[in-house]
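# Analysis of the macromolecular model
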Amino acid sequence: MKLSLSKISTFILAVISAGLTSSYAQTKQPNIIYINTDDWGIGKVPSLEMDPASQSIIKTPNLDKLKADGMTFTNAYAGNAVCGPSRCTLLTGKHPGNAAWRANRKTLPSSVWPIDTPMLGEVARQAGYKTAAFGKLCHGGTSTPEEITATGWDYWMGFLGHIDCRDYYSSYIWENGKKITLPANAPELLKGTSTLEKPEGSGVVGMGKGTFIEELYADKICEFMTENKEEPFFIYFASVVPHGGPPGGMRVPDLLDYKDNPKLTKYEKLYCALLTWHDRSLGKIRAKLDELGIADNTIIIWTSDNGDENSYYRRTKTFDGNGPFRAMKRSLYEGGIRAPMIAVWPDKIKPGSSSELITTQVDVMPTVAEAGGNHVTKEMDGISIFPTLAGEPNKQTNRDYIYFEFYETARQQSVRMGKWKGYRRDGLKGETELYNLDTDIGETKDLAAKHPDIVKKIEEIMAKEHTSHPVWKLPGLDK
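Here the structure is a predicted model, which is why all the values come from computation and not from measurement.

### Details of the confidence of the model for the chain
In this model, the chain carries an average pLDDT of 94, and 94% of its residues clear a pLDDT of 70 or more. Element-level mean pLDDT values for the chain span from 41 in helix 1 (residues 5-18) up to 99 in strand 14 (residues 433-436). The model gives residues 1-26 a pLDDT under 50, and that stretch makes 47 contacts with residues more than four places away or in other chains.

### A short note on the sheet that holds strand 12 (residues 412-417)
One open sheet holds the four strands; their spatial order is 11-12-13-14, and the pairing between them is antiparallel. Both edges of this open sheet fall to strand 11 (402-406) and strand 14, since each of them pairs with a single strand only. Each neighbouring strand pair of the sheet contributes to a mean axis angle of 15°, computed without reference to strand direction. As judged from the four bridges shared by strand 13 (residues 420-425) and strand 14, these two strands associate in the antiparallel manner. Counted as the bridge partner of Trp-420 is Asn-436 from strand 14. The strands touched by helix 12 (residues 452-465) are strand 11, strand 12, strand 13 and strand 14; relative to strand 12, the strand with the most contacts, the crossing angle is about 120°.

### Side note on the side chain of His-466
As for its placement among the helices and strands, His-466 is situated in the segment after helix 12. On the accessibility criterion, His-466 (8% relative accessible area) is buried. A polar contact of 2.8 Å, which involves the side chain of His-466, links it to the side chain of Glu-405. Looking at His-466, its side chain comes within polar contact range of the side chain of Asp-478, at 2.7 Å. Setting aside chain neighbours within four positions, we find His-466 in contact with Gly-97, Arg-102, Tyr-403, Glu-405, Tyr-407, Gln-413, Trp-472, Leu-474, Leu-477 and Asp-478.

### Here we look at the pairing of strand 11
When you tally the buried positions in strand 11, you get five out of five residues, the bulk of the element. Residues of strand 11 alternate between two faces, with Ile-402, Phe-404 and Phe-406 on one and Tyr-403 and Glu-405 on the opposite face, all of them buried. Sheet topology note: the strand 11/strand 12 ladder contains five bridges and is antiparallel. Bridged to Phe-404 within strand 12 is Ser-414. Between strand 11 and the antiparallel strand that follows it, strand 12, lie five residues; Thr-409 among them carries a positive phi value of about 70°.

Definitions and limits used
Residues numbered from 1 in each chain as written. Predicted model: local features only at pLDDT ≥ 70, side-chain atom pairs only at ≥ 80, totals over all residues. Heavy atoms only, no water. pLDDT = per-residue confidence, 0-100. Helix = DSSP H or I, 4+ residues; strand = E, 2+ residues; numbered from the N terminus. Contact = heavy atoms within 4.5 Å. Pairing = 2+ DSSP bridges. Axes fitted to C-alpha atoms, helices over the stretch in contact; angles between N-to-C directions. Buried < 20%, exposed > 50% of the residue type's maximum accessible area, 1.4 Å probe, protein only. Polar contact = N/O pair within 3.5 Å; in protein donor to acceptor, adjacent residues only side chain to side chain.

So, in structure tokens, the structure goes:
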């Protein structure tokens with residue numbers, strides 16, 4: 001990826017001239033592990049207690065312990081309503097109205113992509129971190145190996161797009177820009193295991209057979225931490241769990257405790273097993289931190305990239321993947337963008353605590369910068385939540401609102417402003433809906449007619465925060 005040298009130089013000089021004046025600079029710089037799952041609906045986190053079926057069926061003991069040991073963010077949001085634009089927001093630090101990617105798409109015009117400001121890995125590196133990334137590493141569409149490397153990762157392993165990464169037993173993987181063959185996953189060795197085969201396979205590869213990509217990531221993360229335990233590190237783990245679909249479908253080493261559950265369909269068993277296998281990865285990472293003696297100085301943040309998706313298990317009614325929230329993935333109603341988010345930092349975050357801070361994935365970049373003693377710059381649209389993580393919420397910067405726009409299923413905009421939530425389709429051609437989230441978390445009662453003053457403020461925000469884009473346009477707001 002080609003970045004503007006002048007803009008990077010300006011960015012670095014701004015950081016140097018500002019100095020490390022953060023109140024946290026006197027303490028040892030914490031490691032950060034950011035775990036971003038793929039379509040893990042907030043209702044399917046058992047310990048959040050939003051769906052009785054998920055609580056009784058899905059087994060995630062390590063995630064349960066993460067919640068018990070840390071802080072639950074009750075007003076956390078993804079970057080957007082589907083994977084590509086959500087990850088663009090995360091990796092570029094631009095909110096959805098300024099982001100290059102505002103829907104899933106293979107490529108973009110050169111006028112908007114690649115961007116010429118530092119991305120997440122580079123910001124972390126400038127903040128003094130050794131950086132690594134694992135998993136679904138694209139920025140919105142299909143990336144080149146050079147683009148991913150140039151994002152600022154000292155080490156990376158994963159895939160180039162949001163489709164090729166879906167095979168949990170892929171016959172290849174990319175490592176530091178090179179395509180690596182995984183011999184144990186040769187198709188002839190795994191015949192009969194993929195649910196996409198004809199006749200349909202079992203979805204179960206067997207313990208000790210093949211290379212399970214989710215486990216490979218966890219092992220490589222542990223290796224990276226071991227090799228870099230003496231210096232601060234930032235790890236971005238973009239797990240693909242529980243995303244299904246082609247090219248590989250849902251495949252697991254074993255169905256675990258779900259194997260003999262008569263209440264679950266074949267696809268529900270595979271889906272639940274994937275969740276538990278990811279939970280084991282989380283447990284392995286935390287155990288390694290303890291073994292290395294660096295757990296107390298490591299922040300772990302666990303979240304998801306958008307709302308729930310139930311097509312992977314054929315849309316059965318067993319689970320309520322978004323709990324009380326309206327709609328799901330691909331919608332800017334709360335169900336499409338509300339995300340589970342749990343953070344742990346021993347001795348800083350009070351175990352079993354919660355925060356009502358409104359935060360989105362656009363906040364990750366400034367948080368990483370401040371954790372390393374650097375300042376939030378004008379290129380970053382988010383706020384740093386580091387004060388909240390560091391146990392000093394009285395120093396936390398708050399925001400007046402958050403803004404989203406998205407272009408799949410409809411041209412959508414939404415604004416969260418305190419308790420108020422505004423939603424609109426089709427720009428100025430559409431009518432703005434208004435909901436009071438304090439009394440109507442399910443967005444069932446449109447109060448727009450009763451509060452025209454609030455609607456006016458929200459519509460002004462929708463116009464202000466939308467930046468024109470050559471691909472995605474809103475009626476009345478773009479030529």
